[in-house]
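# Understanding the architecture of this molecule
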Amino acid sequence: MSFAILVKTIKLSKHDRYVLELSNKIRNNYDSISVNVPVRHSKRSLGEIDIIAKKGNRFDLYEVKCSYRILKAKKQLSRLKRYLKLENARSYFYCGNSKLLVTV
């Protein structure tokens, strides 16, 4: 009797590949990392944070873009920090194309 193992491969978008790449790079610096975290208020979606990383009681937020669009990332991060009341959280922008990580 033989058994066949079916493996379903999921094709990730370029953005999702960059998010996983960055989360693997920073994984050892934090106690916990959450990826693609939706932010909601009641039934309304307020957006999504690509990566939230926690070390002790400190939070870091990461916004990942495929190309260098730091102004859009900065706007998104500041809006989400305000909604989540995380004004003291550090925020970062990661450009997947150039592999550049910038403090925002």
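Below, the structure is looked at part by part. (Residues numbered from 1 in each chain as written. Predicted model: local features only at pLDDT ≥ 70, side-chain atom pairs only at ≥ 80, totals over all residues. Heavy atoms only, no water.)

So, about the nonpolar core. Counting residues in each nonpolar core, the largest one holds 11 residues, listed as Tyr18, Val19, Leu22, Ile26, Tyr30, Ile51, Ala53, Tyr62, Val64, Tyr92 and Tyr94. Considering each element in turn, this core owes the most residues, four residues, to helix α1 (residues 14-26). Not counting the four nearest positions on each side in its chain, Tyr62 is found in contact with Leu22, Ile26, Tyr30, Ile49, Asp50, Ile51, Ala53, Leu77, Tyr92 and Leu101. Formed by nine residues, the second largest nonpolar core is a distinct cluster that contains Val39, Ile49, Leu77 and Leu86. (Core = buried A, V, L, I, M, F, W, Y, C linked by side-chain atoms within 4.5 Å. Buried < 20%, exposed > 50% of the residue type's maximum accessible area, 1.4 Å probe, protein only. Helix = DSSP H or I, 4+ residues; strand = E, 2+ residues; numbered from the N terminus. Contact = heavy atoms within 4.5 Å.)

Take the pattern of salt bridges next. Scanning all chains against the criterion turns up three salt bridges. Note that Arg90 is salt-bridged to Asp60, the shortest N-O span being 2.9 Å. Taken as a pair, Arg90 in strand β4 (residues 90-95) and Asp60 in strand β3 (residues 58-65) lie far apart in primary sequence, 30 residues in all. For Arg90, a relative accessible area of 38% puts it in the partly exposed group. Residue classification places Asp60 among the buried residues on the basis of a relative accessible area of 0%. Among the salt bridges present, the one from Glu63 reaches Lys65, with a minimum N-O distance of 3.3 Å. (Salt bridge = Lys/Arg side-chain N within 4 Å of Asp/Glu carboxyl O.)

Below, the discussion takes up a nonpolar patch on the surface. Together, Ile10, Leu12 and Leu20 make up an exposed nonpolar region whose accessible area comes to about 280 Å². By secondary structure assignment, the location of Ile10 is in the segment before α1. On the basis of relative accessible area, Ile10 is assigned to the exposed category, the value being 69%. (Patch = residues over 30% accessible without salt bridge, like charges linked within 9 Å, V, L, I, M, F, W, Y side chains within 5 Å. Areas by Shrake-Rupley, 256 points an atom, 1.4 Å probe, with all protein chains shown as cover.)

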